[in-house]
Amino acid sequence: MAEAVNPHAAPEGRSPSLTGRLIGGLIVPMVLLALALGIAGAISVRHAVTAVSDTILLASSHAIAETLAVDKGEVTLDLPPSAFGMLENNAQDNVYYTIHHKGQVITGYADLPLIGAGLADGEHTFIDAVYRGQPIRLVAEARRLPRLNGLIVVEVAETTGGRTLISRHILWILGSLEGALILLVLVLIPLAIRWGLHPLVRLRATMDSRNAQDFTPIPLAQAPGELRGLVSSFNALLHRLDLAVEGVRRFSADASHQMRTPLSVLRSHIALLKKASPIDKGMRSSLKDIDEAVDRLERLVTQLLALGRADGATPLPAAQRPCNLLQLVQDAASDLAMMAARRRVNLALETPTQPVWAITDENLAHELISNLIDNAIRYNRPRGHVSLSVFATNGRAWVSIEDSGPGIPPADRERVFERFIRLSPDADHSGSGLGLAIARALGDTLSAHITLATPDSGEGLRVVVDFPTADGEQA
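The shown structure was predicted, so the numbers you read here are calculated from the model rather than taken from an experiment.

The rules behind each value
Residues numbered from 1 in each chain as written. Predicted model: local features only at pLDDT ≥ 70, side-chain atom pairs only at ≥ 80, totals over all residues. Heavy atoms only, no water. Helix = DSSP H or I, 4+ residues; strand = E, 2+ residues; numbered from the N terminus. Expected span 1.5 Å × (residues − 1). Buried < 20%, exposed > 50% of the residue type's maximum accessible area, 1.4 Å probe, protein only. Polar contact = N/O pair within 3.5 Å; in protein donor to acceptor, adjacent residues only side chain to side chain. Core = buried A, V, L, I, M, F, W, Y, C linked by side-chain atoms within 4.5 Å. Contact = heavy atoms within 4.5 Å. Axes fitted to C-alpha atoms, helices over the stretch in contact; angles between N-to-C directions. Parallel < 35°, antiparallel > 145°, perpendicular 65-115°, else oblique. Left-handed = near helix turned anticlockwise from the far one by under 90°. Nonpolar A, V, L, I, M, F, W, Y, C, P; charged D, E, K, R; others polar. Pairing = 2+ DSSP bridges. pLDDT = per-residue confidence, 0-100. Phe/Tyr/Trp six-rings, centres within 6.5 Å; stacked < 30°, edge-to-face > 60°. Lys, Arg positive; Asp, Glu negative; His and termini not counted. Salt bridge = Lys/Arg side-chain N within 4 Å of Asp/Glu carboxyl O.

1. Some points on helix 9 (residues 362-378)
Here is step 1 of the chain: The first and last C-alpha atoms of helix 9 sit 24 Å apart over 17 residues, in line with the 24 Å expected at 1.5 Å per residue.
Here is step 2 of the chain: The buried fraction of helix 9 amounts to 14 of the 17 residues, a majority that puts the element mostly inside the structure.
Here is step 3 of the chain: N-capping of helix 9 is provided by Asp-361, with a side-chain oxygen placed 3.1 Å from the backbone N of Asn-363.

2. Quick look at the nonpolar core
Here is step 1 of the chain: In terms of nonpolar packing, the biggest core is built from 43 residues, with Leu-325, Leu-368 and Phe-467 touching the most fellow members.
Here is step 2 of the chain: Contributions of two or more residues to this core are made by helix 7 (325-335), helix 8 (337-342), helix 9, strand 11 (385-393), strand 12 (396-403), helix 10 (435-446), strand 13 (449-453) and strand 14 (461-468).
Here is step 3 of the chain: When residues in this core are grouped by element, the largest group, eight residues, is from helix 9.
Here is step 4 of the chain: Those residues in contact with Leu-325, other than ones at most four positions away along the chain, are Val-356, Ala-358, Ile-369, Val-390, Ala-397, Trp-398, Val-399 and Phe-467.
Here is step 5 of the chain: Membership of the second largest hydrophobic core comes to 14 residues, among which are Tyr-97, Ile-99, Leu-145 and Val-154.

3. Description of the packing of helix 9 against helix 10
Helices that pack against each other are described as a pair by the angle of their axes relative to one another and the distance between those axes.
Here is step 1 of the chain: Relative orientation of the contacting elements helix 9 and helix 10 amounts to 155°, with a least axis distance of 9 Å. Judged on the interaxial angle alone, helix 10 and helix 9 are roughly antiparallel. Classified by chirality, the crossing of helix 10 by helix 9 is left-handed. In contact with Leu-364, Ala-365, Glu-367, Leu-368, Asn-371, Leu-372 and Asn-375 of helix 9, helix 10 contributes Gly-435, Leu-436, Ile-438, Ala-439, Leu-442, Gly-443, Thr-445 and Leu-446.
Here is step 2 of the chain: Along the lines of polarity and charge, the residues of the contact of helix 9 with helix 10 split into nine nonpolar, five polar and one charged.

4. Observations regarding the sheet that holds strand 5 (residues 124-131)
Here is step 1 of the chain: Reading across the sheet, the five strands line up as 4-3-7-6-5 and stay open at both edges, with antiparallel pairing between neighbours. In this open sheet, the two strands that pair with only one neighbour each are strand 4 (104-108) and strand 5. Each strand of the sheet is rotated relative to its neighbour by a mean of 25°, with strand direction disregarded.
Here is step 2 of the chain: Bridge count for strand 3 (residues 95-101) against strand 7 (residues 151-159) is seven bridges, and the pairing is antiparallel. Each bridged residue has a counterpart across the sheet, and for Thr-98 the counterpart in strand 7 is Glu-155.

5. Overview of the confidence of the model for the protein
Here is step 1 of the chain: Averaged over every residue, the pLDDT of the protein is 79; the share at 70 or more is 78%.
Here is step 2 of the chain: Low confidence marks residues 1-13, where pLDDT is under 50. Its contacts with residues over four positions away, or in another chain, come to seven contacts.

6. Re the pairing of strand 7
Here is step 1 of the chain: Among the nine residues that make up strand 7, eight are buried, leaving the element largely enclosed by the rest of the structure.
Here is step 2 of the chain: Pairing of strand 6 (residues 134-144) with strand 7 involves nine bridges; the strand directions are antiparallel. Bridging from a neighbouring strand, Glu-141 pairs with Val-154 of strand 7.
Here is step 3 of the chain: In textbook terms, the turn of a hairpin is the stretch between consecutive antiparallel strands, and for strand 6 and strand 7 this stretch comprises six residues, one of which, Arg-147, has a positive phi near 60°.

7. Re the packing of aromatic side chains
Here is step 1 of the chain: Tallying each qualifying case throughout the model produces four aromatic pairs.
Here is step 2 of the chain: Seen in terms of ring centroids, Tyr-96 and Tyr-109 are 5.1 Å apart; in terms of plane orientation they differ by 90°. Their pairing is edge-to-face. On the criterion of sequence distance, the pair formed by Tyr-96 in strand 3 and Tyr-109 in the loop between strand 4 and strand 5 is long-range, its members being 13 residues apart.
Here is step 3 of the chain: Using a relative accessible area of 6% as the deciding quantity, one classes Tyr-96 as buried.
Here is step 4 of the chain: With a relative accessible area of 30%, Tyr-109 lands in the partly exposed category.
Here is step 5 of the chain: Where Phe-391 meets Trp-398, the ring centres are 6.2 Å apart and the plane angle is 5°; that geometry is what we call stacked.
Here is step 6 of the chain: Put simply, the rings of Tyr-96, Tyr-97, Tyr-109 and Tyr-131 pair up and form one aromatic cluster.

8. Focus: the side chain of Arg-413
Here is step 1 of the chain: Considering the arrangement of structural elements, one finds Arg-413 in the loop between strand 12 and helix 10.
Here is step 2 of the chain: Although Arg-413 is buried, it makes no salt bridge; Asp-412 carries the closest opposite charge, 8.5 Å away.
Here is step 3 of the chain: At 2.5 Å, the side chain of Arg-413 and the side chain of Thr-454 are in polar contact.
Here is step 4 of the chain: Residues contacting Arg-413, with those up to four places away along its chain left out, are Ile-408, Leu-452, Ala-453, Thr-454 and Leu-461.

As structure tokens, this is what we get:
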């Protein structure tokens, strides 16, 4: 049995989809950009907090330096409370200071690192250090006092707990915003890309909904502006394909029609030869073989013509109308009654109590049903039977054709729909293996499904065809 193939299944090793490429191409750079901005923001926050805190620390040093004076050769200091009050914060940092001249501590914490020896008047410098086991930020400012030889240096130090607390708070806010931004990117970009590609999905759905014989161009109005060039090229390809297929159909039809004329002439001459006398036994046997060969060839030509019509059949919307399936089956059975009688096959039709209606093309449906009944008669056994029934259920209209022939094994029931496939039990019957292929082509055109099954008796074959009905209602 032929394996069903999903046309949209991704083959092994196929490249990612367009949606995946777009999502990956946008999300990865944006996430990396967000991370880079976060790192840059963290560095900027650290520099900003340091700059603001250093400004306050330097202001405290200025406040102390402004109170320095020289009285009777000694340096005096009037330490204002605001000098250290401006350094107060929630972290309760410790503040230290020292004032020294030429390496000698005048007042303050004598063990505080002494710096600023090379500073000029009014200059200042900052350093990071560790004092009493804690990290500190220290500023040193040099001042020149009247009547004092050399520069005096004021140092103010502060532990960095407050700075760290402020930096962490700002970084936590920044990190939260970065996380929210990344989450928003991960959610919105796939949605935006899928929304943007929705016209492409609609275009694909339009193409998938077409039958195999529909080569009409896709309206450019249905395509996004960026894809109109691609759609135009696809329409041109459809046009070339339509011309090629039409050429093959025309050639097949012309060749089949041309072959029917010499076959008719040949059959007429065979009939004349049969009437001629005397005809010996060998010649009569040869004429019989030739006559049977002409029969097979004529049927093959007829089936090729039917297959060409089935392949090229595209029923117009006006032809899709309610049809009485019971009447179609009765007409097809009447057409084939003589053939059934010649082959000694009993042809019976089970008549329902009311008409069964289906939405279909009457001509194509008649050809489909006739083809299946012809198959049931042709491949039946002598004195066999063919039972026909029409019924409606589950919103579909059904035609059942049951015969008492050799049947088809379940493993071969999909393969027999291929062209020129004949099973070994058919070797004793004339045929070309096109009957069910023609039926499948017509069924696909009419949206009618053909199912093969074993009858309840356990022998023969049951062929069931279901047709659509109006609005899916029961017929």
